[in-house]
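Survey of secondary and tertiary structure
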Number of protein chains: 2
Amino acid sequence: MTTNSWLTALQENGYRLTSARRAVVEKMAHTRTALNPLEVYDQTRAACPGLGLVTVYRTLEKLEELGLIQRVHQPGGCNAYLPSAHGHQHLLICRACGKAEYFEGDNLDEFFARVGQQNGFTISEHWLQLFGLCPTCQAK
Amino acid sequence: MTTNSWLTALQENGYRLTSARRAVVEKMAHTRTALNPLEVYDQTRAACPGLGLVTVYRTLEKLEELGLIQRVHQPGGCNAYLPSAHGHQHLLICRACGKAEYFEGDNLDEFFARVGQQNGFTISEHWLQLFGLCPTCQAK
DNA sequence: GCTATAATTGAAAAACGTTTTCATTATGAC
DNA sequence: GTCATAATGAAAACGTTTTTCAATTATAGC
Ligand SMILES: [Mn+2]
Ligand SMILES: [Mn+2]
Ligand SMILES: [Zn+2]
Ligand SMILES: [Zn+2]
């Protein structure tokens, strides 16, 4: 189960398991929509009363550092997080609710290499993201 | 000349031409590297002494609203601006100095439509950006 | 060119999201 | 259970962006 593997990852990297971390991990490991720190805070307080927003920031920082979550950039803001993509995956995100799907299958490395060459750049990374409306938000 | 067409665009939309706006337009219309508000401010004060940072914010806001500049998202921050891309162009950006090149020729619309369909999403937009090192920064 | 009007300006203050500080609490090794 | 210390939450500090406001300036009409 994902929650446990995330907790193990924290532990193996010398971090202690606290109720605050358990709650944030539980939330982030299962979310299918991108969440910013305040949203994580609001949606986690029930499971962990007394939780501080500061701790949410600190926990997200550690989860990102361990590669378990990734920051997601969207037209409306760039401080939301999602579980990390695996391998060469990209994101399809709902403009309205932040619901995300991962996809793969783009094959542009040759094209990117050519673009780099034409401009004298060495290319180290690419960002590809699709935005649209998820089934739920289309219905509204 | 680009500066003049930008100034005309401002004027035609009911905005007055001031020395502050001329200076910011002069800078933004010609920059090849992504600049954030403070950088614009610092690089514009010589041309317009007494310029306020607030005015830079307000002018960038208007230039973006008129579609003359676009916000650029980068791993290190998301508040820099560049002259807008034309047509279906994407950005290749230097990780070190922010130098940007525009490119086109990606042809992924069918692929994107398929990804959308498979997930029940209607797709309205895509972001594609390449990051690397420009010739100058490679040499350093 | 001069005047009247309203847009624009910069300084200061406020607001905002995020980070740092610090005394207290809780975890995990022994 | 004891102990060392990592982690916590409250409060303060911080950097960035926005709002407020009185003074200035651009422009339309004369
Ligand atoms: Mn890719
Ligand atoms: Mn494209
Ligand atoms: Zn949605
Ligand atoms: Zn460079």
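Source: prediction; values computed, not measured.

1. Re the coordination of the zinc ion (ligand 3)
Residues and elements named next belong to chain A. Note on the zinc ion (ligand 3): its protein donors are C94 (SG), C97 (SG), C134 (SG) and C137 (SG). The metal-donor distances range over 2.2 to 2.4 Å. Each donor residue of the zinc ion (ligand 3) lies on the same chain, and together they follow the pattern C-x2-C-x36-C-x2-C. Taken together, the positions of C97 in the loop between β3 (90–94) and β4 (100–103) and C137 in helix α6 (residues 135–139) put the pair 40 residues apart, joining distant regions of the chain. According to the relative accessible area criterion, C97 is partly exposed, its value standing at 35%. The class of C137 is buried, set by a relative accessible area of 12%.

2. Let's talk about the sheet that holds strand β4 (residues 100–103) of chain B
Ordered in space as β4(A)-β3(A)-β5(A)-β5(B)-β3(B)-β4(B), the six strands form an open sheet in which the pairing is mixed. For this open sheet the edge positions go to β4 of chain A together with β4 of chain B, each flanked by a neighbour on one side alone. For this sheet, the mean inter-axis angle between neighbouring strands, taken without regard to orientation, is 25°. With four bridges connecting them, β3 of chain A and strand β5 (residues 122–133) of chain A associate as parallel partners. Residue pairing across strands places L91 of chain A opposite Q129 of chain A, the latter belonging to β5 of chain A. The strands touched by helix α5 (residues 109–119) of chain A within the sheet are β5 of chain A together with β3 (90–94), β4 and β5 (122–133) of chain B, with β5 of chain A carrying the most contacts at an inclination of about 125°. Along the sheet face, helix α5 (residues 109–119) of chain B touches β3, β4 and β5 of chain A together with β5 of chain B and points at about 125° away from the line of β5 of chain B.

About the criteria used
- Residues numbered from 1 in each chain as written.
- Chains lettered and ligands numbered in written order.
- Predicted model: local features only at pLDDT ≥ 70, side-chain atom pairs only at ≥ 80, totals over all residues.
- Heavy atoms only, no water.
- Donors = N, O, S within 2.8 Å, 3.2 Å for Na, K, Ca; no water.
- Helix = DSSP H or I, 4+ residues; strand = E, 2+ residues; numbered from the N terminus.
- Buried < 20%, exposed > 50% of the residue type's maximum accessible area, 1.4 Å probe, protein only.
- Pairing = 2+ DSSP bridges.
- Axes fitted to C-alpha atoms, helices over the stretch in contact; angles between N-to-C directions.
- Contact = heavy atoms within 4.5 Å.

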